[in-house]
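# Examination of the molecular architecture
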Amino acid sequence: MEYNSKNIEKNWQEYWEANKSFEPSEDFTKDKKYILSMFPFPSGRLHMGHVRNYTLSDAFARYYRQQNFNVLHPIGFDSFGMPAENAAIKNNADPKEWTYDNIDYMKKEFKTLGFSFSKERELATSDELYTKFEQGFIIDMFEKGLLYREKGLLNWCPTCQTVLANEQVIESCCWRCDTQVVKKDMNQYYFKITNYADELLDDMKKLEGGWPKQVLTMQENWIGKSNGLEFDLYLDDESKAKLGNNFEKFDVFTTRPDTIYGVSYTALAPEHDIVTYMIDNSLLDADTIAKIKEMKNSSSIDRQKEKSGVSLGINVIHPLTKKLIPVWIANFVLMDYGSGAVMAVPAHDDRDYDFAKKYDLPINAVIKPKDGELNLEKEAFTDRGILFNSGEFDGLDSKKSQYNIIKYFEENNIGRKTTNYKLKDWGVSRQRYWGAPIPFIHCDDCGIVMEKKENLPIALPSDVEINGEGSPLENHPTFKKCKCPRCGKDATRETDTMDTFVESSWYFLRFCASKANWEDEAFSKEQISYWMGNGGVDHYIGGIEHAILHLLYARFFTKVFRDLGYLDFDEPFGRLLTQGMVLKDGAKMSKSKGNTVDPDELIEKYGADTARLFILFAAPPTQELEWNDSGVEGSYKFIKRFFDRSSNAKKCDAKPSIEHSSLSKEEKFARRKVYDALVRANDVYNERYTFNTMIAGVMEAMNALNAQKNEDVWSEGYWILTSIMEPVIPHVCWEISKEKFELKNLTKQKVLEEVFVEDSITLGVSINGKARTEIEVAPDAQKDEIIAMAKDAGAKWLEGKTIVKEIVVPKKLVNLVVKG
RNA sequence: GCGACCGUGGUGGAACGGUAGACACGCUACCUUGAGGGGGUAGUGCCUUAGUGGUGUGAGAGUUCAAAUCUCUCCGGUCGCACCA
């Protein structure tokens, strides 16, 4: 029979669907595996990155099913978001229709790829049912004080006409459309993620080993915890008077309290309250005000180019020396970190140094190197050293003195130990249509009032006008109109919708619900503790681009849900596998570059099995995958050979038993290669994830099988190899398995130790670590015997030398160390 | 600037301190089939005076009986963060 990928694949896809082959069991006494790939946005068609992602998760899911685990391998669509609205504007389409049409198409693609997803748990986050549960959680979070509304300076993308979270601003441009982000003062809802900063940081210890180091480091940097001293700088009387006695002090934060005696000026952010007051009350000359305005308006990139500032003509009193210190504005001081004011120590900080040099401010050294001379001619000395010119702290090590100085400040009640974070609260409201409405109501009398849970979901109206100008919900004639749930008076519904990252922060929990309670609740506690027990999602697979945003938010939601009593663990994803990008001609596949390969065309030409095999064989999952058309061809040929040669196996409903000792050398070798492949496969699925080496092992076994003719060895070989390969190339393996083995071999395979027992072993012989020759020894040969043989075989290189050391590495090699 | 990862044939990549280059792609020669394509056999790091030879994992040093692998310095690349006080 000829290998015909189309018929084979179609038949099995129908079979799996008809038999509901991939639905998880509700028997919670079985051991479980929760295999999850990051769900897609329904952009319209799958790209190769998706195919790689789901091929990986499918391999895990199918493997663990064979190992008799209860496997949950669900899929859904992250279906809210801007592209649906953009399509609406561009093509005058309905965002909902656009979205659900795309979903239908992509589901068909999933089917043609043979992915073993649970069909019963499919969802789209734009489903009203999903919105209903999500809005319920939002209300709970508001009640707990984890969601609040506040006016503030926000990142606004003029193109997308919406607010962006800090995490969505990349080099001060919009993460999606690359437009320069501007600051806008407006009301916005925030999640109190900063409450969890410490826990998000500390719990990363639990993820070590399971998550890539890189991702952990990125999150750690993002949270950006730093410990230090916070203290107040008091204005002198003259300065107070100048400011109309409206200000008495401002506070500063430093991680280098050891440099406190070196403070020679202080600097405020251009947006600082004191600066605003001085501008408003004409306390600065026009020239200065113009400079400040320029600083405020320049982008953060421009701000980095060169340090600049102006003196404010006011002074503060040094907390220890009581000397007067001038107050400046500096463009490098950020309003949104610490208190927007810094103490400046030019001698021991690079930025302060540059600034002081530019404006000719004093540079007071207070730390000297432990050895060598202090030289401040060209740059600041920022290393650890010994304190001097520092009063009672003179002579102390700079690191150790930090403790003493903080203690001194605390004892004298002039400052305190503080921790600062780069992490900001997560701004979640968006001024867009295609998102989950925030279920709140504005009442003139009651303020912000939550919708009653029985009224959820607050669904999106369908009759909206989307033209890219303003918020469609804001402009909608009736959506806004409602009654206050508390007092019953006329009130206004919130028209902001939620950031789509809210949906993806809990979808993995939703998948734990089954058909039985799907409509009634988001999930049950029992379901959650079963599927998420023992370390959460067992294998979470997706792109590294989510290292911060999605993965941090999902960790945050998990901790919040725990504190709301919905679950009782701390971390959602025990093991994370971040796949590399798919490249062609050295660049990421993209439509604009014209270097894409369309999965549908590939399947049409070669079949899904070929696509899956190539993707897993071409590179280890974490590395970039360079697309190679002749490599695809090679994968196709392998499958064809694999199928053709299955005719050498006989029909049987159990693995044939074989008398190993009666076999020829080639037959024994073939068996050993088959079991080698099995051992390697188990190792790959459980530890290493290097599917390329597993497939190579199977190819080696195939080559060895082909060098002998024993039908039982062929049959046993196919019994095992189709089991190993089923997670990779499922269609052809089910076909062979049905044809030859009544589908009975797609199960856990036992490793037979007998095939590894060999008649003789080849050992390498090295002399002084250099490989020279080989010897054949009996498996049970003693060390003395082996060394004697090695000396004999290596006589040529040993002539006239003295052996000073003899090393035997069992089953590997002999190394003789010689002198002379 | 800081941090993480990486550097092995013509290419993708193997080698979990123990005979570097598994497995594939590509290429060469031959056989088969005889449009094309397919299948098979052999060869394929480099240098070679062709030896049972030399050399070789970005460069250099170190640890070790033994280093692509561990340590240090440097060079190069990828990604992330970036005036975070």
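Residues numbered from 1 in each chain as written. Chains lettered and ligands numbered in written order. Predicted model: local features only at pLDDT ≥ 70, side-chain atom pairs only at ≥ 80, totals over all residues. Heavy atoms only, no water.

Glancing now at empty space enclosed by the protein. In the structure shown here, the tally under the stated rule is 2 cavities of 30 Å³ or more. Contributing to the lining of the largest cavity are 18 residues, with Met82, Arg176, Arg430, Asp499 and Thr500 lying nearest its centre. Elements represented by at least two residues in the lining of the largest cavity include exactly α3 (82–91), β6 (162–164) and β25 (497–498). Of the residues assigned to the lining of the largest cavity, the class counts are 7 nonpolar, 6 polar and 5 charged. Every residue lining the second largest cavity is listed: Arg52, Leu56, Ile615, Leu616, Ala619, Pro620, Pro621 and Phe691. Going through the elements one at a time, α2 (48–66) and α20 (608–617) are the ones with two or more residues in the lining of the second largest cavity. For the lining of the second largest cavity, a count of residues per class yields 7 nonpolar, no polar and 1 charged. (1 Å grid on protein atoms, 1.4 Å probe; cavity = no way out; pocket = protein on both sides within 12 Å on 5 of 7 lines; lining within 4 Å. Points joined across faces, edges and corners; volume = space filled by probe spheres on them. Helix = DSSP H or I, 4+ residues; strand = E, 2+ residues; numbered from the N terminus. Nonpolar A, V, L, I, M, F, W, Y, C, P; charged D, E, K, R; others polar.)

Among the surface-exposed residues, Ile807, Val809 and Leu813 lie close enough to one another that they form a single nonpolar patch of about 180 Å² accessible area. When you line up the elements, Ile807 lands in strand β33 (residues 802–809). (Patch = residues over 30% accessible without salt bridge, like charges linked within 9 Å, V, L, I, M, F, W, Y side chains within 5 Å. Areas by Shrake-Rupley, 256 points an atom, 1.4 Å probe, with all protein chains shown as cover. Salt bridge = Lys/Arg side-chain N within 4 Å of Asp/Glu carboxyl O.)

In this section: the layout of surface pockets. The space that makes up the second largest pocket amounts to roughly 1900 Å³. Together, 48 residues line the second largest pocket, and Ser43, His47, His50, Glu545 and Lys588 are the ones closest to its centre. At the level of elements, α2, β26 (539–543), α18 (549–563) and β27 (576–579) are the ones that each hand at least two residues to the lining of the second largest pocket. Ranked by the residues each element gives to the lining of the second largest pocket, the list is headed by α2, at 5 residues.

Moving on, we get to the packing of helix α1 (residues 5–18) against helix α25 (residues 730–741). Viewed as axis vectors pointing N to C, α1 and α25 meet at an angle of 85 degrees, and their least axial separation amounts to 9 Å. Classified by the interaxial angle, the pair formed by α1 and α25 is roughly perpendicular. Along its contact with α1, which presents Ile8, Glu9, Trp12, Gln13, Tyr15 and Trp16, the element α25 presents Pro730, His731, Val732, Trp734, Glu735 and Lys738. When the residues that make up the contact of α1 with α25 are grouped by side-chain class, the tally is 7 nonpolar, 2 polar and 3 charged. (Axes fitted to C-alpha atoms, helices over the stretch in contact; angles between N-to-C directions. Parallel < 35°, antiparallel > 145°, perpendicular 65-115°, else oblique. Contact = heavy atoms within 4.5 Å.)

This part is about helix α8 (residues 213–223). Those residues of α8 that sit buried are Val215, Leu216, Gln219 and Ile223. Buried residues of α8, viewed axially, fall in a sector of 100 degrees; they line one side. Taken together, the buried residues of α8 touch α6 (197–202), α7 (204–207), α18 and β27. The first or second residue beyond α8 is Gly224, which carries a positive phi of 55 degrees. (Buried < 20%, exposed > 50% of the residue type's maximum accessible area, 1.4 Å probe, protein only. Arc of directions from axis to C-beta.)

With that out of the way, let us pick up the protein's contact with RNA strand B. In the vicinity of RNA strand B, 50 residues are found, and the nearest of them are Thr255, Arg303, Arg351, Asp683 and Lys796. Between RNA strand B and the protein, one listed contact pairs a phosphate oxygen with a side-chain N or O atom of Gln623 at 3.3 Å. Measuring from a base nitrogen of RNA strand B, one finds a side-chain N or O atom of Glu774 at 3.1 Å. No other element matches the 6 residues that helix α23 (residues 691–705) contributes to the surface near RNA strand B. Here the surface near RNA strand B is built from residues that sort into 17 nonpolar, 15 polar and 18 charged. (Near = heavy atom within 4 Å. Polar contact = N/O pair within 3.5 Å; in protein donor to acceptor, adjacent residues only side chain to side chain.)

By convention here, two paired aromatic rings are described through the distance between centres and the angle between planes. Under the defined criterion, the tally for this structure stands at 67 aromatic pairs. Aromatic pair Phe332 and Phe355: ring centres 5.6 Å apart, planes at 75 degrees, arrangement edge-to-face. With a gap of 23 residues between them, Phe332 in the loop between β14 (324–330) and β15 (341–344) and Phe355 in helix α13 (residues 350–359) connect regions that are remote in the sequence. The two residues Phe332 and Phe355 agree in class, both being buried. Between Phe557 and Phe561 the ring centres are 5.6 Å apart and the planes differ by 50 degrees, which places this aromatic pair in the tilted class. Here Phe561 and Phe557 lie together in helix α18, a separation of 4 residues that amounts to about one turn. For the residue pair Phe557 and Phe561, the accessibility class agrees, reading buried in each case. Looking at Lys33, its charged tip hangs above the ring of Phe69, at a distance of 5.1 Å from the centre. (Phe/Tyr/Trp six-rings, centres within 6.5 Å; stacked < 30°, edge-to-face > 60°. Lys NZ or Arg CZ within 6 Å of the ring centre and 35° of its normal.)

Now for the sheet that holds strand β28 (residues 582–584). By way of backbone hydrogen bonds, the strands of a sheet pair with one another, either parallel or antiparallel. Read across the open sheet, the 3 strands follow the order β29-β28-β30; overall the sheet is mixed. Edge positions in the sheet fall to β29 (587–588) and β30 (625–626), since each of these pairs with one other strand and no more. (Pairing = 2+ DSSP bridges.)

Next up on the list: the pattern of salt bridges. Under the criterion given, the structure shown has 54 salt bridges. Note that Glu122 is salt-bridged to Lys119, the shortest N-O span being 3.6 Å. Judged by relative accessible area, which is 19%, Glu122 ranks as buried. The salt bridge involving Asp140 is made with Lys453; its shortest N-O contact spans 2.7 Å. Placement of Asp140 in helix α5 (residues 128–143) and of Lys453 in the loop between β22 (447–450) and α15 (472–475) is noted, with a sequence separation of 313 residues between them. For Asp140, a relative accessible area of 10% gives the class buried. Residue classification places Lys453 among the partly exposed positions, given a relative accessible area of 43%.

Segmentation of chain A into domains returns domain 1 (135–222 + 425–500), domain 2 (226–420), domain 3 (599–755) and domain 4 (758–819). With centres defined by C-alpha atoms, the gap from domain 1 to domain 2 works out at 36 Å. (Domains from an automatic or database assignment.)

Here the focus is the sheet that holds strand β24 (residues 490–493). Taken together, 4 strands build an open sheet; the order of strands is β22-β21-β24-β23 and the sheet is antiparallel. Two strands bound the open sheet, and with one partner strand each, they are β22 and β23 (481–483). Taking the axes of each pair of neighbouring strands and ignoring which way they run, one obtains an average angle of 45 degrees across the sheet. With 2 bridges joining them, strand β21 (residues 440–443) and β24 adopt antiparallel strand pairing. Opposite Ile441, over in β24, you have Arg493 as the bridge partner.

Along the chain, the position of Ile720 falls in helix α24 (residues 711–725). Relative accessible area serves as the criterion here: at 0%, Ile720 is assigned to the buried category. Taking the C-alpha atoms as reference, Ile720 lies 27 Å from Ser37; in sequence the two are 683 residues apart. Once you skip the residues sitting within four places of it in the chain, Ile720 turns out to touch Lys655, Val674, Tyr675, Leu678 and Gln749.

Closest axis-to-axis distance for the helix α21 (residues 629–645)/α25 pair is 10 Å, and the angle between their directions is 5 degrees. If you check the angle between α21 and α25, you find them roughly parallel. Judged by residue contacts, Ile639, Phe642 and Phe643 of α21 engage Val732, Cys733, Glu735 and Ile736 from α25.

Looking at the element boundaries, His318 is found in the loop between β13 (309–317) and β14. For His318, a relative accessible area of 2% corresponds to the buried category. Contacts of His318, omitting those with residues within four sequence positions, involve Ile260, Tyr261, Val263, Lys323 and Ile325.

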